[in-house]
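Below, each chain spelled out in residue letters.
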Amino acid sequence: MKDNSPIHVAFLWHMHQPTYKDPIDGRYLLPWVRLHGTKDYYDMVHILERYPNIHQTFNIVPSLLEQIIDYTEGRAKDRFLDVTTKPADILTLDDKRFLLDKFFLANWENMIMPFPRYWELLKKKGLHSYNGNFSEAVRYYAVQDFLDLQVLFNLAWIDPSLRDDDDFLKGLIKKGEYFTEDEKSRLVEKQYDVLKIIIPEYRKMQDLGIIELSTSPYYHPILPLVCDTDSAREAMSWVELPNSRFVHPEDAMEQIAKGIRYHENVFGKKPAGMWPPEGGVSEDAVSLIVRHGINWIATD
């Protein structure tokens, strides 16, 4: 006998990046907020405008929001961006080694091979590891090679649908190689154009009722361990723990409160739901979340 009752599926997308900002000098250690911002965060919600009856939930961690805003307001700098914007003809040996080491950090099949020139530049370096020492490989690259690599790395990290909808980006793809410094500068401007529309798009889709937005404690701490490190033994009785027990539920309380306040400030309404970082739950942690008026949490 067939059961024809519908299956109810809840989609919850967890948007999370840890804080990459160095608290001493304010620089960003890694570029993943900027690059995933152009590749993933906007398109994932924008595409839902075509399917308004498919309601989904996006959990956006406050520390990610903070970093997106840092970039859009010109406060965020990272080494990848510095080496991108530096004219190719004045790159130092250290800059060139950095480019060869880091600017192929992309899925080879989906992000590098579709660009023949990008794939050519990767093969020129060789498909094996240099253990971080690229001094020998550098001599095989001309100034134009490095300029093309600067452009192609950043271009590959822009979502294909965004590239297809933009005449300038389509022009870069068609050109394929021999890019100019002016084209590189315009490409970086396009990156920032995308970053600036991410948060407004989520807020618009929330206000239209197409998506729900939930939050997490501000810096994505594992709440049960902040409340009491000994709680780990409830799930793993064999686990080895530090000699000094950490018991600070007041810290967990502040992380929850700060996350909710920041979310409400950015999106104009208090979240009804929360994703506990890493899905970590305990009786103490859940009781703190409930005290802040959160109606639902999810775990796995």
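Conventions adopted
- Residues numbered from 1 in each chain as written.
- Predicted model: local features only at pLDDT ≥ 70, side-chain atom pairs only at ≥ 80, totals over all residues.
- Heavy atoms only, no water.
- Helix = DSSP H or I, 4+ residues; strand = E, 2+ residues; numbered from the N terminus.
- Buried < 20%, exposed > 50% of the residue type's maximum accessible area, 1.4 Å probe, protein only.
- Contact = heavy atoms within 4.5 Å.
- Areas by Shrake-Rupley, 256 points an atom, 1.4 Å probe, with all protein chains shown as cover.
- Core = buried A, V, L, I, M, F, W, Y, C linked by side-chain atoms within 4.5 Å.
- Pairing = 2+ DSSP bridges.
- Right-handed = clockwise from strand over helix to strand, strands pointing away.

A word on the overall build of the protein chain. Looking only at helices and strands, the protein chain has 15 helices and 5 strands in total. Projected onto the principal axes, the alpha-carbon positions of the protein chain cover approximately 60 × 55 × 50 Å. In the protein chain, which comprises 300 residues, the share counted as buried stands at 47%. Intrachain contacts of the protein chain at a sequence separation of at least 6 include 71% that bridge at least 24 residues. Within the structure as shown, the protein chain displays about 15,800 Å² of accessible surface, and the carbon and sulfur contribution to it stands at 53%.

What follows is about the nonpolar core. Counting residues in hydrophobic clusters, the biggest one holds 71 residues, and the most contacted among them are Phe58, Ile60, Leu100, Phe104, Tyr118, Tyr202 and Ile211. Here this core gets 9 residues from one element, more than from any other, and that element is helix α11 (residues 181–207). In this view, Tyr118 contacts Phe103, Phe104, Ala106, Met111, Ile112, Leu149, Leu152, Phe153 and Ala156; residues no more than four positions away in its chain are not counted.

Now for the pairing of strand β1 (residues 12–15). Sheet topology note: the β1/strand β2 (residues 56–60) ladder contains 4 bridges and is parallel. Along β2, the bridge assignment pairs Trp13 with Phe58. For the handedness criterion, the β-α-β arrangement of β1, helix α1 (residues 32–46) and β2 is classed as right-handed.

Attention now moves to the environment of Leu121. Relative to the helices and strands, Leu121 is located in helix α6 (residues 116–125). Along the sequence, Leu121 and Phe146 sit 25 residues apart, while their C-alpha atoms lie 8.9 Å from each other. Apart from residues no more than four positions distant in its own chain, Leu121 is found in contact with Phe104, Tyr141, Asp145, Asp148, Leu149 and Leu152.

What follows covers unusual backbone geometry. Located in the positive-phi region is Tyr178, a residue other than glycine, with phi close to 55°. Within the secondary structure, Tyr178 is located in the loop between α10 (167–175) and α11. Tyr178 gets classed as exposed once you look at its relative accessible area, which sits at 54%. Positioned with a positive phi, His220 is a non-glycine residue whose angle comes to about 60°. Here His220 is to be found in the loop between β3 (211–214) and α12 (223–227).

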